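Results of the structural survey
Read off the chains here:
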Amino acid sequence: MAVDPKVGGLVKVGEDAYCQVSPRGEGNQGIFVTPEGSVLVDGFIKHCNAFMASLDSLNRSSPVRYVVNTHDDGDHFSLNHIFRRKGAVILASEVCRASLHEKMKEKVWVDHIRKYNPELGREIGDPADFIPQIGIEQRATIVLGGEKIELVFMGHGHSRGDLVIYLPERRVLFAGDLVFAGAHGRCKTTDFGGILRILDALSEFECDTVVPGHGVPVVGGGAEAIATYRDYLVTLQQRVAELVD
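This text gives an overview of the structure that appears in the document. Bear in mind the structure is a predicted one, so any value in this text is a computation, not a measurement.

About the criteria used
- Residues numbered from 1 in each chain as written.
- Predicted model: local features only at pLDDT ≥ 70, side-chain atom pairs only at ≥ 80, totals over all residues.
- Heavy atoms only, no water.
- Pairing = 2+ DSSP bridges.
- Helix = DSSP H or I, 4+ residues; strand = E, 2+ residues; numbered from the N terminus.
- Contact = heavy atoms within 4.5 Å.
- Axes fitted to C-alpha atoms, helices over the stretch in contact; angles between N-to-C directions.
- Buried < 20%, exposed > 50% of the residue type's maximum accessible area, 1.4 Å probe, protein only.
- 1 Å grid on protein atoms, 1.4 Å probe; cavity = no way out; pocket = protein on both sides within 12 Å on 5 of 7 lines; lining within 4 Å.
- Points joined across faces, edges and corners; volume = space filled by probe spheres on them.
- Nonpolar A, V, L, I, M, F, W, Y, C, P; charged D, E, K, R; others polar.

Some words on the sheet that holds strand β12 (residues 209-215)
Reading across from one edge, β8-β9-β10-β11-β12-β13 is the order of the six strands in this open sheet, with mixed pairing throughout. Of all the strands in the sheet, the pair left with one neighbour each is β8 (139-144) and β13 (218-219). Relative to strand β10 (residues 162-167), strand β9 (residues 147-155) is paired through five bridges, and the arrangement is antiparallel. Along β10, the bridge assignment pairs Leu151 with Ile165. Across the face of the sheet, helix α7 (residues 192-202) comes into contact with β9, β10 and β11 (172-181) while running at roughly 150 degrees to β11. The sheet strands contacting helix α8 (residues 222-244) are β11, β12 and β13, and the helix crosses β11 at an angle near 20 degrees.

Concerning unusual backbone geometry
Excluding glycine, residues mostly carry a negative phi; peptide bonds, for their part, are mostly trans. In this model, Arg24 sits at a positive phi of 60 degrees, which is unusual for a non-glycine residue. You can see Arg24 is positioned in the loop between β2 (17-21) and β3 (29-34). Accessibility expressed as a relative area gives 54% for Arg24, which makes it exposed. Phi at Arg171 is positive, roughly 55 degrees, even though this residue is not glycine.

Describing the layout of surface pockets
Taken as a whole, the largest pocket spans an internal volume of roughly 480 Å³. Every residue lining the largest pocket is counted, 25 residues in all, and those nearest its centre are Asp73, Gly74, Asp75, Tyr116 and Arg186. Sorting the residues of the lining of the largest pocket by element identifies α2 (74-77), α4 (94-103), α5 (107-116) and β11 as the ones contributing at least two each. Its residues assigned to classes, the lining of the largest pocket comprises six nonpolar, nine polar and 10 charged.

Digging into empty space enclosed by the protein
By rolling a water-sized probe across the atoms, one finds the places where empty space is left. Applying the stated rule across the entire model yields two cavities of 30 Å³ or more. Taken as a whole, the largest cavity holds about 50 Å³ of empty space. As for the largest cavity, its lining consists of Asn28, Gln29, Gly30, Val41, Asp42, His76, Phe174, Gly176, Val211, Pro212 and Gly213. Those elements that place two or more of their residues in the lining of the largest cavity are β3, β11 and β12.

Considerations on the side chain of Asn117
Structurally, Asn117 is set in the loop between α5 and α6 (118-121). Not counting chain neighbours up to four residues away, the residues in contact with Asn117 comprise Ile45 and Lys46.

With respect to the environment of Glu123
For Glu123, the position within the fold is in the loop between α6 and β7 (134-136). Separated by 41 residues in the primary sequence, Glu123 and Ile82 have C-alpha atoms spaced 9.6 Å apart.

Everything listed here is a matter of coordinates, which is why it stays silent on function.
This is the structure in structure tokens:
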């Protein structure tokens, strides 16, 4: 299932596992469908309509049970309120959960989310609906439809609260913004030493497919995608240092 990265669309990344690729690399969302319900990874209010259409086509008989946020950027948590109101449980690392708890106290953050999608933004009521109910200190496992979904807190890489979602039986890793593919990684909040160590750790996951936070999923070349992005960051760091000198 190919997709034009400029346009975006739904990509199958494993058995009953999908990625909604946003146009122009503007943030991906994951979908994993089981007989007992669906698990979503992230959500971006700007592209809500396309995501909901894909979700409806996949899980009409599989309601959303869980939404997992990989980190606390608006393009990854800004659909929390919609699914929370429908009964889904929102999870993130405890660092991310605590960060969103503080962010949602500030009107500027809520206004920022509204600007992504003014029409849907008008429906935002209580900003607390964006805050995950569950914070994960280190790791947790969801068993749904007889399958394990592993949630692992990686520490400060792209952000302070980076979490990955691993489907060991499908050999699929949803890496959030710890990995970009075919797109430049935003480094505003990045700890370079931290993210390089994390990428080394991610290379130990037995994954055939990596779903990046931005860009097209790398199906069948997961380890290569992680190594490529690590090499890119090392080169970027070296070039910036040379230019500063």
